Amino acid sequence: MTERKNLNSGLTFQTLNLPCRFLDKESGLCTVYEERPLVCRIFPFYLEPLTGHATLLPVQCGVNLQIVPLGSLNGWSLRDFETAAKQWLAEIWDEAELHQH
Ligand code: SF4
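Each value, and the rule that gives it
Residues numbered from 1 in each chain as written. Predicted model: local features only at pLDDT ≥ 70, side-chain atom pairs only at ≥ 80, totals over all residues. Helix = DSSP H or I, 4+ residues; strand = E, 2+ residues; numbered from the N terminus. Buried ≥ 20, exposed ≤ 12 C-beta atoms within 10 Å, placed from the backbone. Contact = placed C-beta atoms within 7 Å. Near = placed C-beta within 6 Å. Nonpolar A, V, L, I, M, F, W, Y, C, P; charged D, E, K, R; others polar. pLDDT = per-residue confidence, 0-100.

1. Structural notes on the overall build of the protein chain
Helix and strand content of the protein chain: two helices and six strands. A burial count over the protein chain gives 0% of its 101 residues as buried. Contacts spanning at least 24 positions in sequence make up 23% of the contacts within the protein chain whose residues lie at least 6 apart.

Set out below in structure tokens:
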């Protein structure tokens, strides 16, 4: 178990550090990908529910996501990431609007 402090809210909480139950250990793929929750869709951003602030999680996700400094020619730069994140959020927003109709 790990204790973490949220810098936006000031609250301290504990995490269990267990793998997600929907992660297929053999393939490393999400078994509910099409229906995954919002928190997974916006990863590696975290939305603070109390304040609404978005935070970039200080993690790297396997070989699929590597965040590197601006100007780097290798992998994703922060600017690339910002562009992709805006696109993802627009897609999520469009999808949410579709479900309302
Ligand atoms: S995308 Fe979300 S639901 Fe799917 S395996 Fe990862 S953490 Fe679990």
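2. A look at the site of the ligand
All residues adjacent to the ligand are Cys20, Phe22, Leu23, Cys30, Val32, Arg36 and Cys40. Here the residues of the shell around the ligand sort into six nonpolar, no polar and one charged.

3. Observations regarding the environment of Phe45
Along the chain, the position of Phe45 falls in strand β3 (residues 45–47). Expressed as a C-alpha distance, the spacing of Phe45 and Ala85, which sit 40 residues apart in the sequence, is 8.6 Å.

4. Details of the confidence of the model for the protein chain
Put simply, the protein chain has an average pLDDT of 71, and 61% of its residues get 70 or more. Element-level pLDDT for the protein chain is lowest in strand β5 (residues 67–68), with a mean of 51, against a maximum mean of 78 in helix α1 (residues 38–41). Note on residues 60–66: pLDDT is under 50 here. Beyond four places in sequence and across chains, it has seven contacts.

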